[in-house]
Amino acid sequence: MTAPPLPHDPRPEDLPGCTLLTLPRDLDLGNCADLLAAVTRVVAERAGLLHILVLDLSGTAFMDSRGVRLIDDVRALLAPAPNCGWSPSRTAWCCAC
């Protein structure tokens, strides 16, 4: 059984070739641990099917250092898949789930 979403859970949208996660208005100490758990859950639910994860920050108005850490933690969670052509200058990561 899937846990009900929290009010600040990212909303996943499966698009052709990627999954888009719209993040909340604020990314801070108060919600980033729950957000990382939610992103991890989204990735696990799409195991073997997720190739690119896009984090939509267009509605995010505030981000403290914990929000920056959240993005880095998500990047680490989605290590580059072999032969995906990742380089440090790219803004998307391939997922080898």
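This text goes with the structure placed above it.
Residues numbered from 1 in each chain as written. Predicted model: local features only at pLDDT ≥ 70, side-chain atom pairs only at ≥ 80, totals over all residues. Heavy atoms only, no water.

Thoughts on the nonpolar core
Grouped together as the largest cluster of nonpolar side chains are 13 residues, with contacts concentrated most on Leu-27, Val-39, Val-43, Leu-53, Leu-70 and Val-74. At the level of secondary structure, the elements contributing two or more residues to this core comprise helix H1 (32-45) and helix H2 (65-77). Sorting elements by how many residues they give to this core places H1 first, with five residues. (Core = buried A, V, L, I, M, F, W, Y, C linked by side-chain atoms within 4.5 Å. Buried < 20%, exposed > 50% of the residue type's maximum accessible area, 1.4 Å probe, protein only. Helix = DSSP H or I, 4+ residues; strand = E, 2+ residues; numbered from the N terminus.)

Considering the packing of H1 against H2
Between H1 and H2, whose axes approach to 10 Å, the crossing angle comes to 20 degrees. What the angle tells us is that H1 and H2 run roughly parallel. In the packing of H1 onto H2, the handedness of the crossing is right-handed. On H2, the residues that touch Cys-32, Leu-35, Leu-36, Val-39, Thr-40 and Val-43 of H1 are Arg-66, Gly-67, Leu-70, Asp-73, Val-74 and Leu-77. Classifying every residue of the contact of H1 with H2 gives eight nonpolar, two polar and two charged. (Axes fitted to C-alpha atoms, helices over the stretch in contact; angles between N-to-C directions. Parallel < 35°, antiparallel > 145°, perpendicular 65-115°, else oblique. Left-handed = near helix turned anticlockwise from the far one by under 90°. Contact = heavy atoms within 4.5 Å. Nonpolar A, V, L, I, M, F, W, Y, C, P; charged D, E, K, R; others polar.)

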